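# Topology and contacts: notes
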Amino acid sequence: MEMRAVEDIAIGRDLTPPLPPLAFVLNDAALSSHCSACFSTLPPHPFFPTLLQNPSHVRKNTPTPLYCSPLCSSLDSPRHFSSGESYLLSLFCHSPPSTWDNSSDLRLSLRLLYGFREHLRDCSVLPSFPGSTTSEQRLLLGGKKDYPFQQIQNVEGPDDYLENKEEQRENMKSCCHDEIVRERIAGLMTNRERLIFEATKKDQFQGINEEENPNENRDDSSESTESVLERIREGAALMAKARRMCLNEDENVEKEEEFVVEEVVLCLVLTNAVEVQDRSGCSIGVAVYGTSFSWINHSCSPNACYRFSMGLENNEQPRSRIVPAAKTGHSENDNGLMMEGQHLYGPRIIVRSIKAVEKGKEVTIAYTDLLQPKEMRQAELWLKYRFSCCCQRCVAVPKTYLDCALQALSAVNPDSCKSSINEIEKLTQSFGDAINDYLSLGDPRSCCMKLENLLSHGHLIDELLEPKEAKSPPKLKLQPFHHLSLDAYTTLASAYKVQASDLLALNSEAGSQKLEQAFNMYKTSAAYSLLLAGAVHHLYMFESALVASVANFWINAGESLLSLARSSFWDSFLNPGLNHIEFSSFPTQKCNRCCLTDTFEPNLMQSEEIKRRISNCIAKETSHIWSMLASDSRFLRLIQNPIDFSWLASAETSTDLQLHVAEPAVEKGCLPLKAGRRCNEDQVGMNLIEVGIHCLRYGKLLSTICYGLSAEMNYYTTDYRECINNPKVLQ
Ligand SMILES: C[S@@+](CC[C@H](N)C(=O)[O-])C[C@H]1O[C@@H](n2cnc3c(N)ncnc32)[C@H](O)[C@@H]1O
């Protein structure tokens with residue numbers, strides 16, 4: 001099944017009304033910070049679940065959902081208890097499974113399973129059972145007694161259906177054999193056959209890879225295939241155990257047929273669930289939606305994206321602009337379980353166009369990070385969804401510019417580029433280890449040192465040996481758009497900021513030297529944010545589906561630069577003159593160089609010319625401040641301008657990338673760049689603000705394409721002024 005546009009659709013239009021979820025849960029980590037019903041941040045004194053049944057079964061110190069209000073608690077608590085979720089949390093906490101480190105998909109599956117049964121009961125389909133039963137119903141209801149699901153409270157089974165045990169067993173076998181291979185429940189693909197049974201056959205992805213690259217991913221792929229299988233089995237068994245505990249039954253689940261229903265629903269969740277993100281883009285939960293959303297296929301160059309709408313109110317109801325490609329595959333009878341949403345609360349999802357879509361054309365979204373190179377995307381899609389993507393971007397021969405750029409190596413050492421599979425693996429491992437130092441070990445300092453080192457030299461060098469080592473030719477240097485470089489910039493922007501706050505927190509009465517150190521770290525963090533925005537913007541010029549990423553990166557860069565410009569560090573020791581700048585006098589109207597305003601129509605943002613004009617303007621302003629921003633980082637000093645990469649073309653030509661860099665700016669007022677130019681100190685702060693406002697404004701404009709004006713309106717018409725007047729981050 002796929003979804004198509006019912007009319008010609010312009011860029012930046014909502015394609016669906018806000019669609020309610022079939023089921024949703026918070027991630028384990030968000031259970032103590034967010035309301036489990038409406039996903040808002042919890043108040044200081046949150047509400048516990050009401051209807052706490054059988055508390056003796058739930059062991060002490062088990063995490064529990066919390067709510068922002070009695071209303072949210074009364075709406076959501078029954079589902080928490082009746083689905084067996086409370087028991088699963090208890091099991092998960094006290095005897096953690098080996099293949100699951102977060103219980104959210106399993107809890108989501110339990111809630112969904114509960115919802116399906118409730119729906120079947122509400123639809124009064126049971127009286128017609130079994131004669132006209134659908135296979136979905138048979139699977140979900142199963143036989144009497146032997147089938148754990150049959151015994152959920154308040155649900156009456158068809159007593160006369162199964163006369164004796166033998167018959168029950170027969171029925172169960174047929175359920176298992178017929179239904180375990182079934183594709184859909186409630187219209188949603190379960191992929192169970194592919195996820196489980198094909199996994200045991202010859203691995204298809206391995207086959208594909210062997211054709212393209214005989215050495216790549218072979219071992220990884222078969223290992224991952226086995227682990228998919230093991231995870232699904234272990235997860236389903238745990239769900240079945242939790243449900244049996246909830247029903248006061250023997251909780252030992254040993255045979256596979258005892259958890260086949262759980263396995264099917266878990267596979268449905270793995271195939272259809274989406275991460276729910278808060279406004280800052282942090283993942284806080286997972287949800288499954290009905291067919292209007294779940295029938296949308298993936299593309300690595302998609303024409304749509306989605307966003308979430310939280311809260312209980314639901315005023316806006318635009319009509320849907322997408323329909324299933326064909327209403328085949330489901331008979332009237334089979335529609336017994338089709339449902340669009342069960343919840344009047346929880347995160348609703350809205351699909352939106354990020355490219356113009358012609359009537360009748362397929363609407364697609366991204367299931368994976370589009371800033372990964374082709375092989376990584378394909379591997380992830382195969383592992384999680386068992387398909388090989390054949391979208392335009394994936395089948396392009398030669399590869400698209402974007403895919404080349406995401407893997408491009410410098411030509412400094414072309415031989416190593418050719419024989420580099422092992423070298424790249426080593427380098428990837430080194431980048432991963434460095435990032436791990438920060439994310440897992442909490443050591444931002446070591447992470448920054450290692451990443452700077454890897455980016456500048458292509459390998460780790462001993463700091464003490466640096467002068468000697470530096471003379472030897474670099475091993476593998478990455479181009480600034482390489483996906484490892486982009487990951488490194490993201491990490492460095494965060495790790496430098498954390499280092500700076502740690503430094504200030506540890507030294508509450510920091511002397512001027514510490515203050516200066518902290519300021520330099522904040523400065524380097526802002527510089528990496530800007531480089532990330534510039535590099536991804538360069539890629540966005542070749543693939544407009546990157547709009548959501550680039551919008552976020554520009555906004556982050558703008559906020560960091562404005563915070564830096566307003567920091568009290570300037571007053572203390574850098575440029576006391578800045579103190580007297582009247583910030584409210586900064587332009588809030590149209591920029592007279594690039595014409596950027598707050599009120600650009602999303603349609604205009606399709607124009608390459610306009611995007612180029614804005615980035616040229618930001619590049620020009622950046623050239624005034626870059627040497628100041630980059631001065632404390634060994635790697636950043638090698639970057640001549642983080643927005644206009646024309647310097648790269650002359651610096652070196654990549655062996656596998658025909659660099660497409662922007663033409664030097666020739667418009668009136670946009671002078672060609674003189675990278676690294678140092679300008680009048682008094683101007684630095686002003687230029688920081690100019691660049692910051694441009695980044696923020698441009699980011700907000702791009703974000704209206706993917707998130708919509710109504711959602712962002714209040715925020716983005718005032719917020720850079722707020723950002724200037726109320727710096728959040730720095731002292
Ligand atoms: C959320 S469902 C999408 C709707 C699905 N096509 C259906 O008929 O219900 C995800 C599954 O659809 C299939 N799918 C999605 N995008 C695809 C693509 N670009 N090529 C092939 N299969 C795709 C895969 O089997 C994947 O596991």
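In this text the structure is predicted, and so the values were computed from the model without any measurement.

## Let's talk about the overall build of the protein
- When you go through the protein residue by residue, the secondary structure sums to 25 helices and eleven strands.
- Restricting to contacts in the protein with at least 6 residues of sequence separation, those with at least 24 account for 78%.

## Considering the pairing of strand S5 (residues 274-277)
- In terms of strand pairing, S5 meets strand S6 (residues 283-289) through four bridges, oriented antiparallel. Its bridge partner lying in S6, glutamine 277 is registered against serine 283.
- The antiparallel pairing of S5 with S6 creates a hairpin that spans five residues between the two strands, and glycine 281 there sits at a positive phi of about 90°.

## Describing helix H20 (residues 547-565)
- The first and last C-alpha atoms of H20 sit 27 Å apart over 19 residues, in line with the 27 Å expected at 1.5 Å per residue.
- Of all 19 residues in H20, 18 are buried; the element is thus mostly enclosed.

## Observations regarding the site of the ligand
- Surrounding the ligand, one finds 15 residues, the nearest of these being Met1, Met189, Asn297, Tyr385 and Phe387.
- In the shell around the ligand, the residues fall into six nonpolar, seven polar and two charged.

## So, the pairing of strand S2 (residues 21-26)
- Of all six residues in S2, six are buried; the element is thus mostly enclosed.
- With five bridges joining them, S2 and S6 adopt antiparallel strand pairing. Each residue of the ladder has a partner; that of valine 25, found in S6, is valine 286.

## Focus: the nonpolar core
- Grouped together as the largest cluster of nonpolar side chains are 171 residues, with contacts concentrated most on Leu88, Met239, Leu532, Val547, Val550, Trp554 and Leu561.
- Broken down by element, the residue count for this core peaks at 14 residues, all from helix H19 (residues 512-540).
- In this structure, valine 550 is in contact with Ala533, Val536, His537, Tyr540 and Leu702, ignoring residues within four places of it in sequence.

## Some remarks on the environment of arginine 13
- As for its placement among the helices and strands, arginine 13 is situated in the loop between strand S1 (3-5) and S2.
- Taking the C-beta count within 10 Å as the criterion, arginine 13 has 19 such neighbours and is therefore assigned partly exposed.
- Each C-alpha atom, one on arginine 13 and one on alanine 356, is 9.0 Å from the other, the two residues being 343 residues apart in sequence.
- In contact with arginine 13, not counting residues within four places along its chain, are Arg352 and Ser353.

## Overview of the domain arrangement of the protein
- Taken domain by domain, the protein consists of domain 1 (3-11 + 275-399), domain 2 (27-263) and domain 3 (414-725).
- The interface is formed by 15 residues belonging to domain 1 together with 17 residues belonging to domain 3.
- Here the residues of the side of domain 1 that touches domain 3 are counted per class, giving nine nonpolar, three polar and three charged.

## Quick notes on the sheet that holds S5
- As summarised here, the arrangement of the three strands in space is S2-S6-S5, forming an open sheet in which the pairing is antiparallel. In this open sheet, the two edge strands, each paired with only one partner strand, are S2 and S5. Mean inter-strand twist for the sheet, computed between neighbouring axes without regard to direction, equals 35°.

## As for the sheet that holds S1
- With respect to topology, four strands assemble into an open sheet ordered S7-S11-S1-S9, the strand pairing being mixed. Unpaired on one side and paired on the other, strand S7 (297-298) and strand S9 (322-324) mark the two borders of the sheet.

## Details of the confidence of the model for the protein
- Here the protein averages 76 in pLDDT, and 64% of its residues register 70 or above.
- For the protein, per-element mean pLDDT is lowest for helix H25 (residues 709-725), which scores 47, and highest for S7, which scores 98.
- Per-residue pLDDT stays below 50 along residues 662-679; that stretch engages in 38 contacts with residues further than four places along the chain or on separate chains.
- Across the predicted assembly, pTM comes out at 0.82 and ipTM at 0.99.

## Observations concerning the packing of helix H16 (residues 444-457) against helix H18 (residues 483-506)
- Taken N-terminus to C-terminus, the directions of H16 and H18 make an angle of 145°; their axes are 9 Å apart at the nearest point. Helix-helix and strand crossings are classified by hand; for H16 and H18 the assignment is left-handed. Taking contact as the criterion, the partners of Pro444, Arg445, Cys447, Cys448, Leu451 and Leu455 in H16 are, on H18, Ser485, Ala488, Thr491, Leu492, Ala495, Tyr496, Val498 and Gln499.

## Things to note about unusual backbone geometry
- Following valine 397, the chain continues to proline 398 via a peptide bond in cis, the omega torsion being -5°.
- Among the secondary structure elements, proline 398 is positioned in the loop between helix H12 (392-395) and helix H13 (401-405).
- The phi angle at arginine 386 is positive, at roughly 60°, despite the residue not being glycine.
- Its location among the elements puts arginine 386 in the loop between helix H11 (374-385) and H12.

## A closer look at the environment of leucine 19
- Locating leucine 19 in the fold gives a position in the loop between S1 and S2.
- Leucine 19 sits in the buried class, given 22 other C-beta atoms within 10 Å.

## Focus on the environment of tyrosine 114
- Relative to the elements of secondary structure, tyrosine 114 occurs in helix H3 (residues 104-122).
- Taking the number of C-beta atoms within 10 Å as the measure of exposure, tyrosine 114 has 25 and is therefore buried.
- Along the primary structure tyrosine 114 and lysine 359 are separated by 245 residues, whereas in three dimensions their C-alpha atoms are 38 Å apart.
- Aside from chain neighbours lying at most four places away, what touches tyrosine 114 is Arg79, Ser82 and Ser83.

The rules behind these values
Residues numbered from 1 in each chain as written. Predicted model: local features only at pLDDT ≥ 70, side-chain atom pairs only at ≥ 80, totals over all residues. Helix = DSSP H or I, 4+ residues; strand = E, 2+ residues; numbered from the N terminus. Contact = placed C-beta atoms within 7 Å. Pairing = 2+ DSSP bridges. Expected span 1.5 Å × (residues − 1). Buried ≥ 20, exposed ≤ 12 C-beta atoms within 10 Å, placed from the backbone. Near = placed C-beta within 6 Å. Nonpolar A, V, L, I, M, F, W, Y, C, P; charged D, E, K, R; others polar. Core = buried A, V, L, I, M, F, W, Y, C linked by C-beta atoms within 7 Å. Domains from an automatic or database assignment. Axes fitted to C-alpha atoms, helices over the stretch in contact; angles between N-to-C directions. pLDDT = per-residue confidence, 0-100. Left-handed = near helix turned anticlockwise from the far one by under 90°.

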